[in-house]
Amino acid sequence: MDVQFTGEVWYWRGPAPWYFVTVPDDEAGQLEATSTAVSYGWGMIPVTAHIGDTSWTTSLFPKDGAYVVPLKSWVRKAEEIDEGDELTIRLTVDV
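Reading guide: rules and limits
Residues numbered from 1 in each chain as written. Predicted model: local features only at pLDDT ≥ 70, side-chain atom pairs only at ≥ 80, totals over all residues. Heavy atoms only, no water. Phe/Tyr/Trp six-rings, centres within 6.5 Å; stacked < 30°, edge-to-face > 60°. Helix = DSSP H or I, 4+ residues; strand = E, 2+ residues; numbered from the N terminus. Buried < 20%, exposed > 50% of the residue type's maximum accessible area, 1.4 Å probe, protein only. Core = buried A, V, L, I, M, F, W, Y, C linked by side-chain atoms within 4.5 Å. Contact = heavy atoms within 4.5 Å. Pairing = 2+ DSSP bridges. Axes fitted to C-alpha atoms, helices over the stretch in contact; angles between N-to-C directions.

A. Looking closely at the packing of aromatic side chains. Under the criterion given, the structure shown has four aromatic pairs. Taking the centre distance of 4.7 Å and the plane angle of 50° together, the rings of Tyr11 and Tyr19 count as tilted. Ring geometry for Phe20 versus Phe61: centroids 5.8 Å apart, planes at 70°, classification edge-to-face. Placement of Phe20 in strand S2 (residues 18-22) and of Phe61 in strand S4 (residues 54-63) is noted, with a sequence separation of 41 residues between them. For Phe61, a relative accessible area of 32% translates into the label partly exposed. Ring-pair connections join several aromatic residues into one group, and the members of that group are Trp10, Trp18, Phe20 and Phe61.

B. Representation of the nonpolar core within the structure. Core analysis: the largest hydrophobic core is formed by 24 residues, its most contacted members being Leu31, Leu71 and Leu91. Per-element accounting of this core gives the leading share, four residues, to strand S3 (residues 45-51). With residues up to four places along the chain from it excluded, the contact list for Leu71 reads Val9, Trp18, Tyr19, Val21, Ile51, Trp56, Arg76, Ile81 and Leu87.

C. Examining the sheet that holds strand S6 (residues 86-92) more closely. One closed barrel holds the six strands; their spatial order is S1-S2-S5-S4-S3-S6, and the pairing between them is antiparallel. Adjacent strand axes in the sheet meet at a mean angle of 45° when their direction is disregarded.

D. Structural context of unusual backbone geometry. Even without being a glycine, Asp64 presents a positive backbone phi close to 55°. With respect to the helices and strands, Asp64 occurs in the loop between S4 and strand S5 (66-71). For Asp64, a relative accessible area of 73% gives the class exposed. Phi at Glu80 takes a positive value of approximately 55°, unusual for a residue other than glycine. Along the chain, Glu80 falls in the loop between helix H2 (73-79) and S6.

Written as structure tokens, this is what we have:
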């Protein structure tokens with residue numbers, strides 16, 4: 001299963017700060033439909049994420065009824081991503 005969307009990068013200033021992009025409602029609904037088949041706990045969904053020329057494995061986090069894509073620091077550096085940027089992301093879920 002593949003989904004593609006555009007979203008804004010936001011910064012979470014928690015005890016372990018991270019940058020994320022929230023999956024829009026339509027795509028989140030598609031992902032949620034597959035979550036029982038692929039989730040390994042806490043509703044996390046393992047995916048391969050693709051931004052520009054960069055691909056990496058990660059897991060989507062459920063948050064406030066949606067899912068968020070965590071952006072690793074090396075991904076942000078490779079693609080020159082900063083808070084507030086609009087990104088097109090493709091996610092591949094192995095179902």
